[in-house]
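# Residue-level structural notes
The chain contents come next:
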Amino acid sequence: MNYHAKILSAEKDHVLLKNVGKIDPMSIDAYIKAGGYEGLRKALAMDPQKVIEEVSESGLRGRGGANFPTGRKWTFTANAKADQKYIICNADEGEPGTMKDRILMEGDPHQVIEGIIIGAYAVGATKGFIYIRGEYRKSIETITKAIADAEKKGFIGRGILGSKFDFELYVAEGGGAYICGDETALIESIEGKRGEPRMKPPFPPVVGLYGKPTVVNNVETLANVPHIIKNGSAWFTKKGPAGSPGTKIFMLVGDVNDPGVVETTFDRTPMDIIETYGKGVDGAFKFAQIGGASGNIFTAEMMKNPMTYDRMAEMKVSYGTGSIFVANESRNVVEFLSTIARFFEHESCGKCTPCREGTHRIRQIIEKFEFGEGTISDLELLEELALVMKKAALCGLGQACVNPFLDALRYFKGEILAN
Amino acid sequence: MASKKVTLHIDGIEVTVPADFSIMQAAKVAGIDIPVLCWHNDLREEGNCRICVVEVEGQPTYQPSCAYKVADGMKVKVNTPELLKARKMVLELILSRHNMDCLNCERNTHCELQTLADKYGMRENRFENEPSELPIDASSIVIRDSSKCINCGRCIRACNEVQTAYALDWWGRGYEKMVLPTAGKPLAETTCINCGQCINVCPTGALMERDDTAMVWEWIHDPEIHVVVQTAPAIRASVGEACGLEPGYLSTGKLAGVLKQLGFDKVMDTDFTADLTIIEEGHEFLHRVTKAVRDGDKKVALPLLTSCSPGWIKFMETFYPDFIPNISTCKSPQQMFGALAKTYYAEKAKIDPAKIRVVSIMPCTAKKFECNRPEMCDSGYQDVDAVLTTRELARMIKLHGINFEMVKESKFDDPMGITTGAADIFANTGGVMEAALRTVYELVTGDPIPTMHFEPVRGFDGIKEAEIKIEKTTKEYEFLKGVTVKVAVAHSTGMARKLLDAVRKGEKSYHFIEIMGCPGGCIGGGGQPRPTSWKIEAARAEAIYKEDDSRELRKSHVNPGIQQLYKEFLGKPNSHKAHELLHTHYYPRESVR
Amino acid sequence: MSSENTKIKEVIQEYAPEKGNLMAVLRKVQQECGNHLPPEVMKEIAIATGIPLNRLYGFVSFYTMLSPVPRGRHIIRVCKDGPCNFKDGWVITDLLEKELGIEVGETTEDGRFTLEETACIGACTEAPAIMVDDVTYANVTPERLGEILKKYR
């Protein structure tokens, strides 16, 4: 099975990737044989409130980039009173350098589905959607089959495994819009509308899909859930350093000798991961962008810090989706930024002024530097614009897309001006 | 409704406001005006322009004050250096995509964007000016200039959420996103009903009505042409506002005066034919009710629906053509006037109708479409030659440098200038219904209607209902004894849709329905002064009711001019001649295009 | 054309807002119409689903995978984002442009191929990557490109 990605970490360290490449993803029996759907059985025998407590105590935080504590998100939705609640699995993985969700869906679809069902049970959602980006045809195919198989075995449907819990799960497709990774834009897309984010508040757990309480979780986050329920929150908490429990799938891309996918714990440093699994940097290290196109730029010094939440917070950065994009000495910072600028100009939904206009103007300014015509006032304008976008844009795209530019201004201003 | 109050601080000023207030509303109470562009009083807030952003203590990013609700103990900052910088940047970005040729724009000096640019001291733009290069869409009454569009989306909300005409929407994504009619076609080829609500909410000159003043000036200055002007009921309560006076400024006498000053040859009143409409439609209604109740005719088309709102008529033809049999065949007062001006009036004044031009002053943009409907030429000529909106009239007054407040009061000319209060209230939602009831009630019961303030049909509720139990009747209408007449009133085509869906499904049934295409009725029309809001419209509506209250004659059937018209010219209501000149027909239009 | 019409009608009937499947329905209809949604079909969808036509166009014009204008029989998507760029993805794009005689965003004269830019498609560790219709090709070298194109000629 070709996953268009090499898994570099050792099998013994794997939790989420344990079945990938080892079992037939199209076979539900293979998943069950490997211990699958035990978590669901256990969850259904618990009170939904207890399920949430277990996840809260585990310390699991969102793996989509925002790192929000999952248990707390579930609590909001569980507490909301409505005649219908939804759970949505955000599989619109669009962050450049990221493929963990694709691999999880293509390689072990039932792990994700099990997580969704448990989450639905915990918050009281009788309907769920997994929103898969339109370009991930293989994922859509695999998950669709997996849902059908799960239905046949009674893991999805009415009175699941003899309980009183009913649950329907649908696959919704994306149409080629990175912005639909934003939870409210995703909701709009499922509703058959343009993928333009909504203002928050109100938040989805209060007003979500079709106005009903909705919890939106990332694929990798939900893939952790069956294991937490099956093995208990303490098992999860003990993995990795205190305060940043569990495993994370990281991706090594760019100037790495052996690019690939790594599942490991948060006490690792990015440089350590590159050297242990990626056979080191290809060339001399210049900088890395961690977390996707809106990720922070890491200097060599920063690369030596563990990616715990505390350390990241101290450095005022985030590991985002876990993509580690390495650039060696041959890479030109202006060219690097120009790719990012073009990406956001193309992906901005266009709803709010700062992002719609700002992403275009940022691309124009960087282009000036590409042609060697940039000036100091251009950079001052870029910085001013970026700072406004960071605070005034309507959604995470507009607010975060300026990070690489602001970081580059901090570390590479001279190089940019000299271009 | 929350009567609970909260206390918060805005820029250090303490205010106590209802708990469901937005920060923007609370700031107003604190005496601070927060700028807006995409927010509009009468529309759902979208928070996309970001010019109203404020700092809320505890929030990492700025919040849109138009939508963010207050909370007890909240601390808000509106005017920090960073926030002011952010607002200026937002404006700079918007202006960098904007057509900067203000001097040649119809909204010069009264444009929301200009006002903000002035407020924020914009002196230079560091971004290259890149306005849209789409050609101006002048295919329809509503003219679109994309180079002036700031992507606020107000027009889209008005068209889709308030009016549900589904003619405008976003196209594309990101920097190239723009407002376009359906499928990118010229507006005239879509389901646009010409209601002009999009124009009313547009903050810039991106949306304007077609300006017909040049044509009208030509006629006025042509000694050969006899220009007759008629004025809609709504104008007397809005022309003052359009000239800079306060909303609700009532100026019937000054209106007649200024029209004479501008050079119109004959200044008469659409109110006259509004009274006429009541007589014609009242009898049409009773005719149908008689067939249904007395004769048990099951095929009679009830409810009867009013037909004086051309935006509503096009909406009906497009989305509810199954109701065509139910629509009153009466023309609108504007069109009745035109047909009579070139026949009845022309005869009386001994003027060649070929030399008459009928101009109407309307709060409405759809009337421009109505007067050009091919069937509106029963006089043998185009019955109404041109329609000018309240805004266009104001432009004419401005051009002549006339100080409206100083205009000497005058009277409307005969024979089509004698009017009643029942005609005045046509301007308000519920007014046509109330005027009709004043006449129909008396025809059926023999007694005048007990109140001149029929409250159930007054006010701004989207759909209003009323029931009138008939106890006493004349001999002719004995069969109506004990019958409860059910009426309904809806304003804005969005509410019309809601009401008609219910009628279609059989959930609701009525005898008589008044529908006005615009929110608030004609006083909220697409040609009315800008800016507008429910508060302003309420002021206009009140002025109209005040005018009615001040009148000696308040029932259409006691109008001596109308009585004379029937005696001399038409014969009796719904006569053959009346049908020829004063009634029309409708045709279905494609609903998906 | 008539057999496609019944297929289109069937697909449109699958639309159910409670299943959130407007995108899937439009995509399937699009495949029956040569990779785009012509005006008559858009109208048909609007009438059958009750979605106003203007909203439908607003939806279609937002998403890059849907197209209201004609496109080729096969859509080639090239990635221009960071990781693919580092692995000389632009070389592949250049070669494709030269080979097909069109620029990114255009369709070949014989209507066979449309060349489009895509955002990252999640094959970054095996960059550069391209998509042709529903299939992702990774580790695309100039040498492999010829083989890939041959499949669709």
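Values in this document were obtained by computation on a predicted structure and should not be read as measured data. Note that residues are indexed from 1 along each chain, following the sequence as it is written. As they are written, the chains are lettered A onward and the ligands numbered 1 onward, keeping that order. Since the coordinates come from a predicted model, pLDDT governs what is reported: local features require at least 70, and pairs of side-chain atoms require 80 or more to be given and counted, while whole-chain, interface and lining totals use all residues.

### A short note on the overall build of chain C
- Helical segments are the DSSP runs of H or I of at least four residues, strand segments are the runs of E of at least two, and each set is numbered from the N terminus. Helix and strand counts for chain C stand at seven helices and four strands.
- Walking chain C from its N terminus toward its C terminus, one meets helices and strands in the order α-α-α-α-β-α-α-β-β-β-α.
- Taken along its principal axes, the extent of the C-alpha atoms in chain C is 50 × 30 × 20 Å.
- Counting every position in chain C, which comprises 153 residues, the buried fraction comes to 46%.
- Throughout, a pair of residues is in contact if the C-beta atoms placed from their backbones lie within 7 Å. Relative to all contacts within chain C whose residues are 6 or more apart in sequence, the contacts with residues 24 or more apart total 54%. As a rule, residues whose C-beta atom has 12 or fewer other C-beta atoms within 10 Å are exposed, those with 20 or more are buried, and those in between are partly exposed; C-beta atoms are placed from the backbone.

### Comments concerning the overall build of chain A
- Assigned secondary structure in chain A consists of 17 helices and nine strands.
- All radius of gyration figures rest on C-alpha atoms, and the globule criterion is 2.2 Å times the number of residues raised to 0.38. The globule rule puts the C-alpha radius of gyration for 419 residues at 22 Å, and the 21 Å found for chain A is close to it.
- Considering only C-alpha atoms, chain A reaches an extent of 70 × 45 × 35 Å along its principal axes.
- Here chain A, with 419 residues, has 63% of them falling under the buried criterion.
- Considering only intrachain contacts with a sequence separation of at least 6, the fraction spanning at least 24 residues in chain A is 73%.

### Things to note about the packing of helix α10 (residues 310–319) of chain B against helix α16 (residues 493–504) of chain B
All names here are of chain B.
- Each axis is a line fitted through C-alpha atoms, and for a helix only the stretch in contact is used; angles between axes span 0 to 180 degrees, taken between their N-to-C directions. At their nearest, the axes of α10 and α16 sit 11 Å apart, and the two run at 45° to each other. Between α10 and α16, the angle is such that the two are oblique. Here the hand of the crossing between α10 and α16 comes out right-handed. Of the residues in α16, those touching α10 at Gly311, Trp312, Phe315 and Phe319 are Thr493, Ala496 and Arg497.
- Split by residue class, the contact of α10 with α16 holds four nonpolar, two polar and one charged. Between 65 and 115 degrees an angle is taken as roughly perpendicular, under 35 as roughly parallel, over 145 as roughly antiparallel, and anywhere else as oblique. Crossings are assigned a handedness: left-handed for a near helix turned anticlockwise from the far helix by less than a right angle, right-handed for a clockwise turn. Residue polarity is assigned by list, with Asp, Glu, Lys and Arg as charged and Ala, Val, Leu, Ile, Met, Phe, Trp, Tyr, Cys and Pro as nonpolar; anything else, Gly included, falls into the polar class.

### A look at the domain arrangement of chain A
All names here are of chain A.
- What counts as a domain boundary in this text is fixed by an automatic or database domain assignment. Structurally, chain A comprises domain 1 (11–237), domain 2 (247–328) and domain 3 (333–418).
- Listed per partner, the contact involves 17 residues of domain 1 and 18 residues of domain 2.
- A breakdown of the residues in the side of domain 1 that touches domain 2 according to their chemical character gives six nonpolar, six polar and five charged.

### Quick notes on unusual backbone geometry
- A cis geometry characterises the amide bond from Pro201 of chain A onward to Pro202 of chain A, with omega recorded as 0°.
- That bond from Leu302 of chain B to Pro303 of chain B is cis: its omega, 5°, falls within 30 degrees of zero.
- Mapped onto the secondary structure, Pro303 of chain B falls in the loop between α9 (270–294) and β12 (304–305).
- Of note, the phi angle at Lys279 of chain A is positive, near 60°, even though the residue is not glycine.
- By secondary structure assignment, the location of Lys279 of chain A is in the loop between α11 (270–277) and β7 (285–290).
- Positive phi is not limited to glycine here, since Asn151 of chain B has a value of about 60°.
- The residue Asn151 of chain B is located in the loop between β6 (142–144) and α4 (154–162) in this model.

### Some details on the interface of chain C and chain A
- With 35 residues of chain C at the contact, the number on the chain A side is 44 residues.
- Contributing elements (two or more residues each) for the side of chain C that touches chain A: α2 (22–32), α4 (53–60) and α5 (82–86) of chain C.
- In terms of residue class, the side of chain C that touches chain A is made up of 19 nonpolar, 10 polar and six charged.

### As for the pairing of strand β5 (residues 247–254) of chain A
Residues and elements named next belong to chain A.
- Within β5, eight of the eight residues are buried, leaving the element largely enclosed by the surrounding structure.
- Two strands qualify as a pair provided DSSP detects at least 2 bridges between them. In the sheet, β5 pairs with strand β6 (residues 260–265) via six bridges, with the strands oriented antiparallel. The partner of Ile249 across the bridge, within β6, is Glu263.
- Bridge count between β5 and strand β9 (residues 323–328): four bridges; the pairing is parallel. Directly across from Val253, in β9, lies its bridge partner Phe325.

### Some remarks on the pairing of β9 of chain A
All names here are of chain A.
- Burial runs high along β9: five of the six residues are buried.
- One ladder, built from five bridges, connects β7 with β9; its direction is antiparallel. Bridge pairing in β9 links Ala288 to Val326.

### Examining the interface of chain B and chain A
- With 24 residues of chain B at the interface, the matching set in chain A holds 24 residues.
- Ranked by residue count, the leading element in the side of chain B that touches chain A is helix α2 (residues 81–95) of chain B, at six residues.
- Taken together, the residues that form the side of chain B that touches chain A break down as 13 nonpolar, five polar and six charged.

### What about the sheet that holds strand β11 (residues 266–269) of chain B?
All names here are of chain B.
- With respect to topology, four strands assemble into an open sheet ordered β11-β10-β13-β14, the strand pairing being parallel. Among the strands making up the open sheet, the edge pair consists of β11 and β14 (386–389). Each strand of the sheet is rotated relative to its neighbour by a mean of 25°, with strand direction disregarded.
- Set on the sheet, helix α6 (residues 213–221) makes contact with β10 (226–231), β13 (356–362) and β14; between it and β14 the angle comes to about 120°.

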